[in-house]
Amino acid sequence: MVQNIYTGQKLPKPVMPRCESAPLLQRQKAIVTGGSSGIGKAIAMALARSGADVAINYLKDEDAVQNMIKELKAEGRKAIG
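Predicted model, so just to flag it, every value in this text is computed and none were measured.

**Topic: the packing of helix H1 (residues 38-49) against helix H2 (residues 62-74)**
Put simply, H1 and H2 touch, their axes get as near as 9 Å, and they point 20° apart. Our classification of the angle between H1 and H2 gives roughly parallel. Considering only the axes of H1 and H2, their crossing is right-handed. Of H2, the residues touching H1 (which contributes Lys 41, Ala 44, Met 45 and Ala 48) are Met 68, Glu 71 and Leu 72. Here the residues of the contact of H1 with H2 are counted per class, giving 5 nonpolar, no polar and 2 charged.

**Comments concerning H1**
The first and last C-alpha atoms of H1 sit 17 Å apart over 12 residues, in line with the 16 Å expected at 1.5 Å per residue. Looking only at H1, the buried set comprises Gly 40, Ala 44, Met 45 and Ala 48. For H1, the arc enclosing every buried residue in end-on projection is 135°, short of the 170-degree limit, so these residues lie on one face. When the buried face of H1 is taken as reference, the exposed residues oriented beyond 90 degrees from it are Gly 38 and Ile 39. Those residues of H1 that are buried lie in contact with strand E1 (29-33), strand E2 (53-57) and H2. Once H1 ends, the next one or two residues include Gly 51, with phi positive near 110°.

**Quick word on unusual backbone geometry**
Phi at Arg 27 is positive, roughly 65°, even though this residue is not glycine. Residue placement: Arg 27 occurs in the segment before E1. Residue classification places Arg 27 among the exposed positions, given a relative accessible area of 73%. Its identity as a non-glycine residue notwithstanding, Asp 61 has a phi of 70°, on the positive side. Here Asp 61 shows up in the loop between E2 and H2. Take Asp 61: its relative accessible area is 46%, and that puts it in the partly exposed class.

**What to know about the nonpolar core**
One finds Val 32, Ala 44, Met 45, Ala 48, Val 54, Ile 56, Val 65, Met 68, Ile 69, Leu 72 and Ala 79 forming the largest nonpolar core, which totals 11 residues. When contributions to this core are tallied by element, the ones reaching two or more residues are H1, E2 and H2. Looking at this core, the element that brings in the most residues is H2, giving 4 residues.

Procedures and definitions
Residues numbered from 1 in each chain as written. Predicted model: local features only at pLDDT ≥ 70, side-chain atom pairs only at ≥ 80, totals over all residues. Heavy atoms only, no water. Axes fitted to C-alpha atoms, helices over the stretch in contact; angles between N-to-C directions. Helix = DSSP H or I, 4+ residues; strand = E, 2+ residues; numbered from the N terminus. Parallel < 35°, antiparallel > 145°, perpendicular 65-115°, else oblique. Left-handed = near helix turned anticlockwise from the far one by under 90°. Contact = heavy atoms within 4.5 Å. Nonpolar A, V, L, I, M, F, W, Y, C, P; charged D, E, K, R; others polar. Expected span 1.5 Å × (residues − 1). Buried < 20%, exposed > 50% of the residue type's maximum accessible area, 1.4 Å probe, protein only. Arc of directions from axis to C-beta. Core = buried A, V, L, I, M, F, W, Y, C linked by side-chain atoms within 4.5 Å.

What follows is the structure, given as structure tokens:
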């Protein structure tokens, strides 16, 4: 069993650097599974920033998907979930 040595300690939130992406995926479409959270969300955002329109496939959490769609549209991309 792994012991959590950080229990009770306040740790800083991770910060992802924002890098400008080249529009390599202009006029391309992407389907991302699990795009409402975690790695799938990060990938969906990276694809949108590179110019792709994104479709998010998800199992549950409709609210998270709708928020993600709003974020993708704020990047100027088409998005559906």
